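# Commentary on secondary and tertiary structure
Listed below, chain by chain, are the residues.
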Amino acid sequence: MAGKTAGLEDLSVAYVTEPVAAADWLIVAPVALCLLVGSVLLMLRKDTRLQPLIAIPALMVLSAMTLGLLWHVLANGTVTMTMGRWLPPFGISFTVDPLSAFFAATSSLVALAAGVYGRSDIDHSGRRYGFYPFLLLIMAGVIGAFLTGDVFNLYVWFEVLLISSFGLLVLGSERGQLDGGVKYAFLNLVATTLFLIATGYLYGLFGTLNMADIAVKASELRGTAPLMTLVTLFLLAFAMKAAAFPVNFWLPASYHTPRLVVSALFAGLLTKVGIYALLRVLGMLFPIEREELSFIIAIAAALTMVLGVMGALAQNDIRRALGFLVVSGIGVMMAGLALGSPAGFSGAIFYAAHSMVVMTALYFAIGIGVSLGGNFRLSEAGGLYARNAMLAFVTLMLFLSVSGLPPFSGFWPKVMLVKASLDIGAWWLAAAILVTGLLTTITVGRIWALAYWRPAGEGAASAAAGSAPGSAAGSAPAGAIAALFGLVALSVAAGVWPEPVLVLSQDAARGLIDPSAYVLSVFPGEAAQ
Amino acid sequence: MRTVIFRSIAPYLTSLMVLFSIFVLLRGHNLPGGGFIGGLIAASALAIYGIACGVAPVRRAIHFHPMAISAFGLFLGAGAGVLSVFASVPFMTGLWTYPTLFGVELALSSVLVFDIGVYLVVVGAIASIALALEERDRD
């Protein structure tokens with residue numbers, strides 16, 4: 001009705017007037033693709049045969065898009081698209097810097113692996129429950145969270161991924177799943193509520209939610225506004241999402257219950273979205289407040305990594321042990337956040353990408369081991385090396401990678417973080433990282449020795465294991481093996497040839513420490529002021 | 001709830017409410033209303049029909065599974081955003097066209113498509129929950 005804009009002479013006061021370059025469509029294309037394909041899959045939910053045939057090519061396209069976006073950002077610097085053409089900060093901006101693009105690309109590769117693995121892990125009834133639609137929608141949430149340049153929009157993407165994760169978590173509606181799902185849902189809703197309260201508070205103080213705008217205005221408001229309270233609220237909310245001690249209890253309570261591929265996806269991606277939000281909000285928007293809080297963050301980090309791995313050491317169920325290892329890895333990333341130096345941030349970013357790939361691959365490896373006749377319970381497992389030496393070898397590589405031994409991808413970020421903490425004299429933080437590495441080696445060594453090296457039938461309850469479901473020796477599906485090998489190849493490549501990843505994470509860390517490129521991308525006119 | 005009065009009134013009430021929800025949806029661009037509130041009205045219409053006449057007739061009446069309806073809404077919503085790629089303006093920019101039908105100028109826009117998408121998402125999601133709850137109530 002009032003759509004005609006005849007009365008308004010100068011549209012450029014309200015609108016972005018430049019036409020959008022074709023390459024800039026890559027900014028929003030991954031999210032749009034996930035939503036479109038996810039909704040088509042939801043409409044075709046009954047056709048379980050067709051689901052993976054649509055979803056897996058779509059995830060391939062998604063990976064191609066995010067890799068293209070990464071290339072675009074590295075070639076042309078930070079890029080922005082503001083929705084609906086409204087000028088920022090009034091329109092919602094998607095701003096992609098190297099950090100966003102790096103995480104988006106890594107997570108879409110992990111999702112592709114999960115989609116391929118899910119073909120064999122998720123049966124027809126699981127597909128009817130909507131595994132593939134949820135997978136696409138959760139990727140919309142994860143990638144949206146990585147790409148958005150608006151704090152409230154970040155909250156919305158958190159909600160999108162949370163709701164899809166509820167669906168994935170209770171796929172099959174078993175008793176244990178519902179139990180884990182309730183704990184997961186309740187504690188995550190508390191975290192989301194805190195996030196929302198903090199966002200409301202932020203809007204009250206700043207009058208804007210655009211991240212670039214906040215980065216500019218934070219220095220003006222620092223004298224008068226209670227930014228410390230605000231940042232502490234954000235820290236608590238995001239630390240809860242990332243499962244940092246002492247708010248990590250939802251993760252080990254729920255991650256061992258769903259289908260294996262769902263656990264793998266969650267372990268790889270969800271906590272890293274929390275870490276990303278911490279890096280973005282604390283690292284980029286409020287560096288001074290982060291510095292004030294750095295001692296608290298460092299203590300939380302050290303406790304998270306050490307207590308996480310000690311929890312893993314105590315477990316009998318391999319999936320539970322892996323859940324605790326995810327928590328322990330979060331501690332290592334938090335250490336990078338606490339350090340706040342370029343080396344600290346880039347170590348945290350590198351470690352987050354490593355953890356996305358390796359944690360997912362570890363769950364896959366354990367799942368394939370179980371389908372070959374292994375057992376999730378360590379007391380009953382055994383004999384996998386004799387059954388399939390190749391799988392045992394690949395799993396050992398992943399175990400060494402997660403404990404941070406060279407030449408695998410976990411080694412380099414840990415070296416960077418230890419060096420960065422020694423540089424500022426935080427020897428205890430460096431010691432915590434090293435002790436965690438040692439304890440992780442013991443944990444995974446124990447798992448490998450018991451489940452792989454020990455001959456079958458020597459376990460305490462091997463007689464019972466003979467009749468347990470899943471213990472019949474089967475063969476692993478080719479798709480699952482391919483997904484595992486793809487991820488392992490990524491980890492090994494990043495370990496043997498770390499230079500590109502190092503440069504990329506240093507680039508990303510520079511973007512966090514000096515957000516001027518980020519601001520300039522959203523407000524091209526700001527340079528003159 | 002299966003009194004004669006309620007059961008005879010419910011179908012008429014439902015059709016009136018669905019009609020009203022479409023009216024609210026269409027007036028929503030510049031006046032109070034829109035996809036979300038319209039969707040809520042339509043979903044409560046389906047809920048009333050379900051309470052009065054049972055869930056099976058509702059499922060028959062809407063033909064598609066409620067989740068499929070809401071998925072189609074999501075598709076429309078995202079698709080309306082993608083339309084702007086053809087005008088080389090950013091995602092989700094409102095695009096307008098003014099065709100003249102039977103001598104009346106009609107304002108059509110991608111915003112309307114998006115709003116219909118929201119309407120369908122809300123109808124589908126709320127109706128899906130409401131019908132599931134009503135079904136559970138019966139046994």
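In what follows, the accompanying structure is described. Every chain is numbered on its own, with residues counted from 1 as its sequence reads. Chains carry letters from A onward and ligands carry numbers from 1 onward, assigned in written order. Only residues with pLDDT of at least 70 get local features here, since the model is predicted, and only at 80 or more are side-chain atom pairs given and counted; chain-wide, interface and lining totals rely on the full set of residues. Note: side-chain values were computed over all heavy atoms of the structure, leaving out hydrogens and water.

## Quick look at the interface of chain B and chain A
One frequently used descriptor of interface size is the decrease in accessible area upon assembly of the parts. Opposite the 24 residues of chain B that make contact, chain A presents 23 residues. The term buried area refers to how much accessible surface (probe radius 1.4 Å) is lost by two components on association, counted for both of them together. With both sides pooled, the region where chain B packs onto chain A buries about 2100 Å², and carbon together with sulfur makes up 76% of that total. Salt bridges are counted wherever a side-chain nitrogen of Lys or Arg sits within 4 Å of a carboxyl oxygen of Asp or Glu. Taken together, chain B and chain A are joined by zero salt bridges. Polar contact criterion, stated in full: a pair of N or O atoms within 3.5 Å, where within protein one must be able to donate a hydrogen and the other to accept it, and residues adjacent in sequence count only if both atoms are side-chain atoms. Taken together, the links from chain B to chain A amount to one residue pair in polar contact (both at pLDDT 80 or more). Gly counts as polar in this scheme, as do all residues outside two lists: the nonpolar Ala, Val, Leu, Ile, Met, Phe, Trp, Tyr, Cys and Pro, and the charged Asp, Glu, Lys and Arg. Taken together, the residues of the side of chain B that touches chain A sort by class into 16 nonpolar, seven polar and one charged. The contact criterion used throughout is that any non-hydrogen atoms of two residues lie within 4.5 Å.

## Some details on a nonpolar patch on the surface
For patch detection, residues must exceed 30% relative accessible area and be free of salt bridges, and they are connected within 9 Å for like charges or within 5 Å for nonpolar side chains (Val, Leu, Ile, Met, Phe, Trp, Tyr). Calculation of accessible area relied on Shrake-Rupley with a 1.4 Å probe; when residues are assessed, cover is drawn exclusively from the protein chains displayed. Together, Met43, Leu44, Leu50 and Leu53 of chain A together with Phe72 and Phe75 of chain B make up an exposed nonpolar region whose accessible area comes to about 460 Å². Of all the secondary-structure elements, those providing two or more residues to the nonpolar patch are α2 (50-76) of chain A together with α4 (66-82) of chain B. For the purposes of this entry, the term helix denotes a DSSP run of H or I that reaches at least four residues, the term strand denotes a run of E that reaches at least two, and both are numbered from the N terminus.

## Observations concerning unusual backbone geometry
That bond from Pro88 of chain A to Pro89 of chain A is cis: its omega, 10 degrees, falls within 30 degrees of zero. Positionally, Pro89 of chain A belongs in the loop between β1 (79-82) and β2 (93-96). For Met92 of chain B, which is not glycine, the phi torsion reads 75 degrees and is therefore positive. With respect to the secondary-structure elements, Met92 of chain B resides in the loop between α4 and β1 (96-97). Judged by its relative accessible area of 33%, Met92 of chain B falls in the partly exposed class. We note that Phe102 of chain B has phi near 50 degrees; this positive angle belongs to a residue other than glycine. By secondary structure assignment, the location of Phe102 of chain B is in the loop between β2 (100-101) and β3 (104-105). Only protein chains enter the accessibility calculation, which uses a 1.4 Å probe; a residue whose area is less than 20% of its type maximum is buried, one above 50% is exposed, and one in between is partly exposed. Relative accessible area serves as the criterion here: at 84%, Phe102 of chain B is assigned to the exposed category.

## Here we look at the pattern of salt bridges
Two side chains bearing opposite charge may form a pair once their charged atoms approach each other closely. Residues and elements named next belong to chain A. This structure, assessed with the given rule, holds eleven salt bridges over all chains. In this structure, Lys183 engages Asp179 in a salt bridge whose closest nitrogen and oxygen atoms are separated by 3.2 Å. Placement of the pair is Lys183 and Asp179 together in helix α7 (residues 175-206), with a separation of four residues, close to one helical turn. Since its relative accessible area comes to 35%, Lys183 is described here as partly exposed. Under the relative-accessibility criterion, Asp179 is labelled partly exposed at 43%. In this structure, Glu289 engages Arg222 in a salt bridge whose closest nitrogen and oxygen atoms are separated by 3.0 Å. A residue pair is termed long-range when its members are at least 10 positions apart, and Glu289 in helix α12 (residues 287-313) and Arg222 in the loop between α8 (211-221) and α9 (227-242) qualify at 67 residues. Judged by relative accessible area, which is 5%, Glu289 ranks as buried.

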